[in-house]
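Architecture and fold: a report
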Amino acid sequence: RAKADGRGTYRFFETGMDARAQARRLLEMDLRAALQRDEFEAYYQPIRDVASGRVVAFEALLRWNHPQRGLIAPISFIPVAEETGLIVQLGEFVLRSACADAATWPGDVDVAVNLSPVQFKNPNLIASVTEALTASGLDARRLELEITESVLLQNSEATLTTLHELRAMGVRISLDDFGTGYSSLSYLRSFPFDKIKIDRSFVSELATREDSMAIIRAVTGLGRSLGIVTTAEGVENDAQLELLRREGCTQAQGYLFSKPRPASDVAIMLERPRLRASA
Ligand code: C2E
Ligand code: MG
Ligand code: MG
Ligand code: MG
């Protein structure tokens, strides 16, 4: 068929529609079909209070159960979902799933949901959050929304209004991947965040790099001074946890406790005590 369509074939090469663009277009079609076929699923990773060891929240992390390729992590499809706007529907799916699942958990366990900058350009964001809360019956105070500083980079006036509206509903706002962007400190002044999530890259180098240690110390100190909860991401071993405890980091999340797992495993993740006695 391609051969018969000589011009089309020629243009195909001429316009430089390279393998990557092709792959992206296929992925976009695949994503649309996957939404129809219900192939997405929210996984959950526990977040523990460092002092008590208690599970205080789960972060919802999107997974794609692909019929041929198996379980796909978000890095492989979120960028394309953002470029095509499909992230809005995907984001609504995660919000609904996370609120519905959390409504079945103990009342002192919260749920955190990641929001893409693209979702802030959509005028329906507040309505989507409201809808997810109403449909599930989840108390807004049990919902945390995680944003990165890139959200504040775009159209910050409208974004700040949206963030304040969400906050007024009782929802909490976390600053994700802290330390990886450009001018993180000024963002802390632009909006009163409830939580700072210290990026995994600082935690993974805690034991080997003194500057990472110094940065963690500075951020936890900053959190204390500002009355903001600090959560360390990517905690993989007891040595890291011990250093974080010593620095007074509030919460910890990482493979040390559990990888993200399906909603049906939440009960198990709540059960298993994973912190060593602090004494
Ligand atoms: P994030 O929000 O910073 O999520 C934390 C990521 O670190 C997750 O990767 C998690 O599995 C991983 N992680 C947690 N503990 C450890 C650890 O101890 N070691 C290592 N090596 N990794 C750990 P994941 O699930 O692949 O998600 C990657 C990113 O994709 C997320 O980073 C978030 O930015 C984005 N994402 C995930 N789900 C959603 C979603 O529903 N909506 C949006 N907009 N973005 C999402
Ligand atoms: Mg996150
Ligand atoms: Mg993060
Ligand atoms: Mg991240």
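This is a predicted model, so every value here is computed, not measured.

Scoring rules and cut-offs
Residues numbered from 1 in each chain as written. Chains lettered and ligands numbered in written order. Predicted model: local features only at pLDDT ≥ 70, side-chain atom pairs only at ≥ 80, totals over all residues. Heavy atoms only, no water. Donors = N, O, S within 2.8 Å, 3.2 Å for Na, K, Ca; no water. Helix = DSSP H or I, 4+ residues; strand = E, 2+ residues; numbered from the N terminus. Buried < 20%, exposed > 50% of the residue type's maximum accessible area, 1.4 Å probe, protein only. Contact = heavy atoms within 4.5 Å. Polar contact = N/O pair within 3.5 Å; in protein donor to acceptor, adjacent residues only side chain to side chain. Phe/Tyr/Trp six-rings, centres within 6.5 Å; stacked < 30°, edge-to-face > 60°. 1 Å grid on protein atoms, 1.4 Å probe; cavity = no way out; pocket = protein on both sides within 12 Å on 5 of 7 lines; lining within 4 Å. Points joined across faces, edges and corners; volume = space filled by probe spheres on them. Salt bridge = Lys/Arg side-chain N within 4 Å of Asp/Glu carboxyl O.

With distances of 2.0 to 2.2 Å, the protein atoms coordinating the magnesium ion (ligand 2) are E59 (OE), N114 (OD1), E146 (OE) and D176 (OD). The sequence motif formed by the donor residues of the magnesium ion (ligand 2) is E-x54-N-x31-E-x29-D. If you look at the magnesium ion (ligand 2) and the magnesium ion (ligand 3), they sit 4.0 Å from each other and are both ligated by D176. Linking N114 in strand β4 (residues 110-114) with E146 in strand β5 (residues 143-147), this pair joins segments that are 32 residues apart in sequence.

All of the buried residues along helix α12 (residues 238-246) are Q240, L241, L243, L244 and R245. Contacts from the buried residues of α12 go to α10 (200-204), α11 (210-226), β8 (229-232) and β9 (251-253). For α12, the N-terminal cap is N237; the gap from its side-chain oxygen to the backbone nitrogen of A239 is 3.2 Å. In the segment just after α12, G248 is the residue with positive phi, at about 80 degrees.

Further remarks concern the packing of aromatic side chains. Scanning the model with the defined rule gives six aromatic pairs in all. Taking 5.4 Å as the distance between ring centres and 35 degrees as the angle between the ring planes, the aromatic pair formed by F40 and W64 counts as tilted. With F40 in strand β1 (residues 40-49) and W64 in strand β2 (residues 55-66), the pair connects residues that are 24 residues apart, well separated along the chain. Of the two residues examined, F40 and W64, each falls in the buried class. Both rings, one in F40 and one in F77, keep their centres 5.6 Å apart while their planes meet at 55 degrees; by these two values the pair is tilted. In this pair, F40 sits in strand β1 while F77 sits in the loop between β3 (70-72) and α3 (78-84), placing the two residues 37 residues apart along the sequence. Of the two residues, F40 and F77, neither departs from the other in class, the shared state being buried. Here a set of aromatic residues connected by ring pairs shows up, and it is made of F40, W64 and F77.

Size it by volume and the largest pocket reaches roughly 1,100 Å³. For the lining of the largest pocket, the element with the highest residue contribution is β2, accounting for five residues.

This part covers the pattern of salt bridges. Under the defined criterion, the tally for this structure stands at 16 salt bridges. A salt bridge links K197 to E59, with the shortest nitrogen-to-oxygen separation between them at 2.9 Å. With K197 in strand β7 (residues 195-198) and E59 in strand β2, this pair connects stretches of sequence that are 138 residues apart. Taken as a pair, K197 and E59 share a single burial class, namely buried. Residue D110 is joined to R172 by a salt bridge in which the shortest nitrogen-to-oxygen separation is 2.9 Å. Of this pair, D110 sits in strand β4 while R172 sits in strand β6 (residues 172-178); the two residues are 62 residues apart in sequence, bridging distant segments of the chain. Here R172 falls in the partly exposed class, since its relative accessible area comes to 24%. Taken together, the shared-partner salt bridges connect D110, E144, R172 and K195 into one network.

Everything listed here is a matter of coordinates, which is why it stays silent on function.
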